[in-house]
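# Topology and contacts: notes
If you want the building blocks of each chain, they are given just below.
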Amino acid sequence: MALLATIDKERKFLEFEMEGKIHEIIMAYEEKFQPIYSQIQAVIEGKTTMTSEEEKEVSSLVEPDVWSNRESLPPNEIQEFWFEAMRQNATLAEEITPADEGPLSVLSCIKLRRYKESKNFDLVFEFKPNEYFEETQVIKSFILAREGDPIETKCTPMSWKQGKRQAKSAKESFFDFFSGCAPKAEEKDSKVYNKLVNKLYHDFEIGVVFRDEVIPSLVDFYLGLVEQYDEESVEEEVSEDERN
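Thresholds, definitions, all that
- Residues numbered from 1 in each chain as written.
- Predicted model: local features only at pLDDT ≥ 70, side-chain atom pairs only at ≥ 80, totals over all residues.
- Heavy atoms only, no water.
- Helix = DSSP H or I, 4+ residues; strand = E, 2+ residues; numbered from the N terminus.
- Buried < 20%, exposed > 50% of the residue type's maximum accessible area, 1.4 Å probe, protein only.
- Core = buried A, V, L, I, M, F, W, Y, C linked by side-chain atoms within 4.5 Å.
- Contact = heavy atoms within 4.5 Å.
- Phe/Tyr/Trp six-rings, centres within 6.5 Å; stacked < 30°, edge-to-face > 60°.
- Expected span 1.5 Å × (residues − 1).
- Bend = angle between axes of the 7 residues up to and from the residue.
- 1 Å grid on protein atoms, 1.4 Å probe; cavity = no way out; pocket = protein on both sides within 12 Å on 5 of 7 lines; lining within 4 Å.
- Points joined across faces, edges and corners; volume = space filled by probe spheres on them.

For E80, which is not glycine, the phi dihedral falls at a positive 55°. Structurally, E80 is set in the loop between helix 3 (64–68) and helix 4 (81–87). For E80, a relative accessible area of 32% puts it in the partly exposed group.

Now for the nonpolar core. M86, L123, F125, F178 and F210 are the most contacted members of the largest nonpolar core, which totals 41 residues. Elements with a contribution of two residues or more to this core: helix 4, strand 1 (107–114), strand 2 (121–127), strand 3 (137–144), helix 7 (191–214) and helix 8 (218–222). Apart from the residues within four sequence positions on either side, F210 is in contact with M86, L92, I110, L123, F125, F174, I215 and P216.

What follows concerns the packing of aromatic side chains. What describes a pair of aromatic rings is the distance from one ring centre to the other and the angle between the planes of the rings. Using the criterion set out here, one finds 21 aromatic pairs in the structure. Aromatic side chains F142 and F177 sit 6.3 Å apart centroid to centroid with 35° between the ring planes, which places their arrangement in the tilted category. Separated by 35 residues along the polypeptide, F142 in strand 3 and F177 in the loop between strand 4 (150–155) and helix 7 bring together distant segments of the chain. Here F142 matches F177 in class, with each residue buried. Centre to centre, the rings of F142 and F204 are 6.5 Å apart; their planes meet at 55°, and the pair counts as tilted. In this pair, F142 is assigned in strand 3 and F204 in helix 7, connecting sequence segments 62 residues apart. When its relative accessible area of 15% is taken as the criterion, F204 is described as buried.

Relative to the 63 Å expected for 43 residues at 1.5 Å per residue, helix 1 (residues 2–44) spans 60 Å between its end C-alpha atoms, a close match to the ideal helical length. Where helix 1 bends most, the angle comes to about 30°, and this point is F33, followed within four residues by the proline P35. Buried within helix 1 are the following residues: H23, M27, E30, Q41, A42 and I44. For helix 1, the elements touching its buried residues are helix 4, strand 1 and helix 8. G46, located one to two residues past helix 1, shows a positive phi value of around 75°.

Turning next to the layout of surface pockets. Where empty space is left in the structure can be found by rolling a water-sized probe over the atoms. By volume, the second largest pocket amounts to about 270 Å³. As for the second largest pocket, its lining consists of 14 residues, and the residues nearest its centre are E95, E172, S173, D176 and H202. Breaking the lining of the second largest pocket down by element, the ones donating at least two residues are helix 5 (90–95) and helix 7. The dominant element in the lining of the second largest pocket, judged by the number of residues it contributes, is helix 7, at 5 residues.

Below is the structure:
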């Protein structure tokens, strides 16, 4: 057994080294992506225009009915672009309630910040000045272990204007995401601890959806080009194939 442990120790070392190299590559390409993200945001905000060739290329990528019903093209601002991209993501769509739609309609941008020295990341939500809350920037931070599991989250406190905070319902509001969570090991056997751990992992799941899906594939989500599968439908298809 000691020999097996010694051999496996070498594997763990190589795995740790591999993860470090992967993180370095991610950081290098994240830097290359930034100018592209800035160009996309400039189009969303109506600060740049498309040439006729670019407009023709974009129109060829989507279904005719989607293109004909699109928002007005630049130089006009594309209204509710980020909110629409969120609604096109299956995971996020389940989190959004009717009461969330007004506050989310003023969302103007979401930025991702990664860190070279760790796997931690921030999501920076930018909002237009609005009737719902005071903040125009809300930052959700994810503190992760070396293996990538969440340890803690932090968030900018939100100051809701009088009468604008959504009433609690059986279905939680998406805006519950905008709060920090730090389970303490000494409270491990308490109900509060279990509740905090559930929130921590739920928020982390949502954060990863923004980090790995919505932000890098923003345009595809907005245009409805991302094909998504839910687990139930996949299981039904597999069962049907097995029967045949």
